[in-house]
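Coordinates in review
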Amino acid sequence: MDIKSPRILYLKGFLFVLLGLLASILLLVEHPSLRTAVLLAVAVWAFARAYYFVFYVIQHYIDGKYRFSGLWSFVQYLLRKEP
């Protein structure tokens, strides 16, 4: 089922941010150190950049004909793609 309601899509985005913040806070409460905070920040940044690469860079700079619908779609694309 595709969600088409902008209101529900904004709610979904907000819930993802809330979930990420909650998980980060709980991790830092359990392991309150600068090292944990820095590693968490680097992991979040790196995964965000990888996600951007999959859904923006590939479509706009590498293969403008393909539209990705999720990470599984990206894996299938890589497996079918000729080097």
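What counts, and where the lines are drawn
- Residue positions are given per chain, counted from 1 along the sequence in the order it is written.
- Restriction of local features to residues with pLDDT of at least 70 applies here, the model being predicted, together with a cutoff of 80 or more for giving and counting side-chain atom pairs; totals for whole chains, interfaces and linings are based on all residues.
- Only hydrogens and water are removed before side-chain values are computed, so all heavy atoms of the structure are retained for them.
- Think of it this way: a Phe, Tyr or Trp ring, Trp meaning its six-membered ring, pairs with another when their centres are within 6.5 Å, and the plane angle makes it stacked under 30 degrees, edge-to-face over 60, tilted otherwise.
- Only DSSP runs of H or I reaching four residues or more are called helices, and only runs of E reaching two or more are called strands; each is numbered from the N terminus.
- The buried label applies to any residue whose accessible area, calculated with a 1.4 Å probe on protein chains only, is under 20% of its type's maximum; exposed applies above 50%, and partly exposed to all values in between.

Quick look at the packing of aromatic side chains now. For the structure on display, the rule yields three aromatic pairs. Judged by centre distance (4.6 Å) and plane angle (55°), the rings of Tyr-51 and Phe-55 are tilted. Linking Tyr-51 with Phe-55, this pair stays in helix α2 (residues 34–62), spanning four residues, or about one helical turn. On the basis of an interplanar angle of 65° and a centroid distance of 6.3 Å, the ring pair of Tyr-56 and Tyr-61 is categorised as edge-to-face. Under the relative-accessibility criterion, Tyr-56 is labelled partly exposed at 33%.

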